[in-house]
Structures are given as C-alpha cells and as structure tokens.
Amino acid sequence: EDDFVGKIASLASLFEVDVNPLRRLVPKYDPSWKSITLVEEMLKSEKVQFDPDIVNIWRKIIELRNSTPIHPDKPPISTLEFFGVTYPAVDYPILWENVLDKFQYSLNKFVKILFDLPKK
C-alpha cells in the first residue's frame, strides 16, 4: 500500500504541468481547466476522433491519487473497479499493474493521435 501511494502520486504528477502552452492550442478555454481538460478540448477543437477512454484513464489516475489510501475518507469504489480491483480488499500490486496497463494504452492511443494531427 505504501509503495502504491508513492507510485500513484508520481504518475499523477505527470498531469501537473504548465498549462499555458496547452491554452494556446484551445480557441476558447475556461481558466479553471487543467491539463487533461485542455488536451481533451484541443482534440475536440481540431475535430479529432479519439477514444474517450484516453482522458477517462487520466482522470481516473487523478481520482486514485486524490482518494484511498492517500485520503482514506474518500474510497473511490467505481474507480477501483475501473482498474479491476474491489474495495475494501484492494490488492495494490495488481491495482498498480492495471493502472500501468491502462496508462500505457492511453499513451499509445494519444501518441498515434498526435502523429495523425495535421501539420500547421
């Protein structure tokens, strides 16, 4: 469990970036939007067909970081189920492997989208 806390916090930190470059890619944005929403809106503004699981996976990673076991008063039951484990008997090594598998899937899909974007 302790290892998972550090790992999920590190993985989620990948989404904590300077959002100004992303904002330049979105014609109209809400100042409260963070990186994941900005990427999603950029894809929509470019009229790119994309698997919504990409951003859903990223949001679920953030939900895990913001909940159990880091914040035990917020058990993310549906998020844990999304990653293939059950609450309260969470198997953290399996959870971590499932998180990484889904994250890798999302990155592979996202990279393909980026390569297919029209060059400006």
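Residues numbered from 1 in each chain as written. Predicted model: local features only at pLDDT ≥ 70, side-chain atom pairs only at ≥ 80, totals over all residues. Heavy atoms only, no water.

Caption draft 1: Structural detail: the overall build of the protein chain. Looking only at helices and strands, one finds 6 helices and 0 strands in the protein chain. Scanning the protein chain from its N terminus toward the C terminus, one meets helices and strands in the order α-α-α-α-α-α. A principal-axis box enclosing the C-alpha atoms of the protein chain has dimensions of 50 × 25 × 20 Å. By the burial criterion, 38% of the 120 residues in the protein chain qualify as buried. Partitioning the contacts of the protein chain with sequence separation of at least 6, the portion at a separation of at least 24 is 48%. Accessible surface, the protein chain as shown: approximately 7500 Å² in total, 55% of it carbon and sulfur. Side-chain charges in the protein chain split into 16 positive and 18 negative, and the spacing between the mean points of these groups amounts to 10 Å. (Helix = DSSP H or I, 4+ residues; strand = E, 2+ residues; numbered from the N terminus. Buried < 20%, exposed > 50% of the residue type's maximum accessible area, 1.4 Å probe, protein only. Contact = heavy atoms within 4.5 Å. Areas by Shrake-Rupley, 256 points an atom, 1.4 Å probe, with all protein chains shown as cover. Lys, Arg positive; Asp, Glu negative; His and termini not counted. Charge placed at Lys NZ, Arg CZ, Asp CG, Glu CD.)

Caption draft 2: Broad picture of the pattern of salt bridges. One pass over the full model with this rule turns up 5 salt bridges. Between Arg59 and Glu40 there is a salt bridge whose closest N-O contact spans 2.8 Å. Of the two residues, Arg59 is situated in helix α4 (residues 53-65) and Glu40 in helix α3 (residues 35-45); the sequence distance between them amounts to 19 residues. (Salt bridge = Lys/Arg side-chain N within 4 Å of Asp/Glu carboxyl O.)

Caption draft 3: Region of interest: the environment of Ser67. Position of Ser67 relative to the elements: it lies in the loop between α4 and α5 (77-82). Residue Ser67 is classed as buried on the basis of its relative accessible area of 3%. Spatially, the C-alpha atom of Ser67 lies 28 Å from that of Phe50, the residues being 17 residues apart in sequence. Not counting residues within four places of it along the chain, the set of residues in contact with Ser67 comprises Lys74 and Pro76. A polar atom in the side chain of Ser67 sits 2.7 Å from the backbone oxygen of Glu63. (Polar contact = N/O pair within 3.5 Å; in protein donor to acceptor, adjacent residues only side chain to side chain.)

Caption draft 4: Expanded view of the environment of Gln49. Among the structural elements, Gln49 can be located in the loop between α3 and α4. Look at Gln49 and you get exposed, because its relative accessible area is 76%. For the pair formed by Gln49 and Ile113, sequence separation is 64 residues and the distance between their alpha carbons is 8.5 Å.

Read these as layout, nothing more, since geometry by itself doesn't imply function.
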